[in-house]
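# Remarks on the overall topology
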Amino acid sequence: MQIGIRAHDVAGDTLEEAFSNIEKQGFVCAHLAMTKSVKSFKVTPETETPGLAKYVKHLAEKHGLDIAVLGNYNNLCNPDPQQLKSIQYTYTAALRFGAALGCSVVGTETGAVNTEYVYEPANGTEEALNTFITNLRPVVRTAEKLGVILAIEPVVRHVVCSVERARRVLDAIDSPNLQIIYDPVNLLWPKDVPDQDAHIRKAFDLLGPEIAVIHCKDFIIKNGEFEETAAGLGGLDYPLLCREIKKHKPYIQCTLENTTPETAVAAREFLQKTYDEA
């Protein structure tokens, strides 16, 4: 596997400092959310020029890094028509930017049926799923025109809340430019922990051909709720996950989440050791 990290989880006041620290900590790729990692100006569709993309690309190359994920996490199920139109345009801008940047995928989660982008039970309805597919379709068509992969990340609290629903989205859109970011923790409720192995295997069975990137974090349970933490510090079955990765996804980019500058190296070493022993 190729292990990376979110750029906004490392130390550094500038993107160059962040990329330098990612390299120093032994990572080979990065998950880049421009709005979180760029602090000297506000990142908007207006600022996402080809020139900025080339600057970021050359900066990453200087430090031996690939951009595994260009994050654009906005709500494609926003029920306000004007807000939705603006959100869809942010995806157009991100996809153009990603094409110039040469990222592996432009990543997105799958939204909620409210303007606040928060969990509510209606996120899991058929109506919500159909709305997401309808609103996603033109975004994917743009990705096709630009030759960029858009990858959706299923999350239990969002509209695409299971691997089955993710499979339905992939089949409905039917595009080689739509793939999956798989985060096993994001697809578990606390009640699912005893059966997590079945959930992990099902993800690879149903989504395997379309899994493009894997997010790696861990969890502990406090008062019946998940608390997310760095890989190796919780209860996720990493030996099984690494066996599935080794079997199905050689050299896939795996980016760490929920690390700090102090825990990142230990999490990387844990993940690599677990994979080597799988």
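Here's what I pulled together on the structure shown here. Keep in mind it's a predicted model, so treat the numbers as computed, not measured.

Cut-offs and rules
- Residues numbered from 1 in each chain as written.
- Predicted model: local features only at pLDDT ≥ 70, side-chain atom pairs only at ≥ 80, totals over all residues.
- Heavy atoms only, no water.
- Pairing = 2+ DSSP bridges.
- Helix = DSSP H or I, 4+ residues; strand = E, 2+ residues; numbered from the N terminus.
- Axes fitted to C-alpha atoms, helices over the stretch in contact; angles between N-to-C directions.
- Contact = heavy atoms within 4.5 Å.
- Phe/Tyr/Trp six-rings, centres within 6.5 Å; stacked < 30°, edge-to-face > 60°.
- Buried < 20%, exposed > 50% of the residue type's maximum accessible area, 1.4 Å probe, protein only.
- Lys NZ or Arg CZ within 6 Å of the ring centre and 35° of its normal.
- Salt bridge = Lys/Arg side-chain N within 4 Å of Asp/Glu carboxyl O.
- Core = buried A, V, L, I, M, F, W, Y, C linked by side-chain atoms within 4.5 Å.
- Parallel < 35°, antiparallel > 145°, perpendicular 65-115°, else oblique.
- Nonpolar A, V, L, I, M, F, W, Y, C, P; charged D, E, K, R; others polar.

## Describing the sheet that holds strand 6 (residues 178-182)
- Ordered by their spatial adjacency, eight strands build a closed barrel running 1-2-3-4-5-6-7-10, and the pairing between neighbours is parallel. Each strand axis lies, on average, 30° off the axis of its neighbour in the sheet, ignoring direction.
- Here four bridges tie strand 7 (residues 211-216) to strand 10 (residues 253-256), and the two strands are oriented parallel to one another. Residue H215 lies in a different strand from strand 10, and its bridge partner there is T255.
- The sheet strands contacting helix 7 (residues 196-207) are strand 6 and strand 7, and the helix crosses strand 6 at an angle near 165°.

## With respect to the packing of aromatic side chains
- Summed over the entire model, instances satisfying the criterion amount to four aromatic pairs.
- Taking the centre distance of 5.9 Å and the plane angle of 70° together, the rings of Y119 and W189 count as edge-to-face. Taken as a pair, Y119 in the loop between strand 4 (105-108) and helix 5 (126-146) and W189 in the loop between strand 6 and helix 7 lie far apart in primary sequence, 70 residues in all.
- Where Y182 meets F204, the ring centres are 5.7 Å apart and the plane angle is 85°; that geometry is what we call edge-to-face. A residue pair is termed long-range when its members are at least 10 positions apart, and Y182 in strand 6 and F204 in helix 7 qualify at 22 residues. Across the pair, F204 and Y182 agree in class, each one buried.
- Sitting over the face of the ring of Y275, K246 holds its NZ or CZ atom 4.8 Å from the ring centroid.

## Considerations on the environment of P194
- On the secondary structure map, P194 appears in the loop between strand 6 and helix 7.
- The spatial distance from the C-alpha of P194 to the C-alpha of M34 is 37 Å, given a sequence separation of 160 residues.

## Some thoughts on the environment of I221
- Structurally, I221 is set in strand 8 (residues 218-222).
- Residue classification places I221 among the partly exposed positions, given a relative accessible area of 41%.
- Along the backbone, I221 and Y55 are 166 residues apart, and their C-alpha atoms lie at a distance of 42 Å.
- Every residue in contact with I221, bar those within four places of it in the chain, is listed here: P190, V193 and F226.

## Considerations on the pattern of salt bridges
- Tallied over the full model, the rule gives 14 salt bridges.
- Ionic pairing is found between E164 and K202, a salt bridge with its closest N-O pair at 2.8 Å. Remark: K202 occurs in helix 7 and E164 occurs in helix 6 (residues 163-173); sequence separation between them is 38 residues.
- By relative accessible area, E164 is classed as partly exposed at 35%.
- K202 gets classed as partly exposed once you look at its relative accessible area, which sits at 29%.

## A word on the nonpolar core
- Core analysis: the biggest nonpolar cluster contains 82 residues, and F19, L136, L150, V169 and Y182 have the highest contact counts within it.
- Residues contacting Y182, with those up to four places away along its chain left out, are L187, H199, I200, A203, F204, I211, V213, I214, H215 and L241.
- Counting seven residues, the second largest nonpolar core, distinct from the first, contains V69, V105, I181 and V213.

## A short note on the packing of helix 6 against helix 7
- Helix 7 packs onto helix 6 with a crossing angle of 10° between their chain directions and a minimal axis gap of 10 Å. Taken as axis vectors, helix 6 and helix 7 run roughly parallel relative to one another. Counted together, V163, E164, A166, R167 and L170 of helix 6 and K202, A203, L206 and L207 of helix 7 form the full contact between these two elements.
- Split into classes, the residues belonging to the contact of helix 6 with helix 7 amount to six nonpolar, no polar and three charged.

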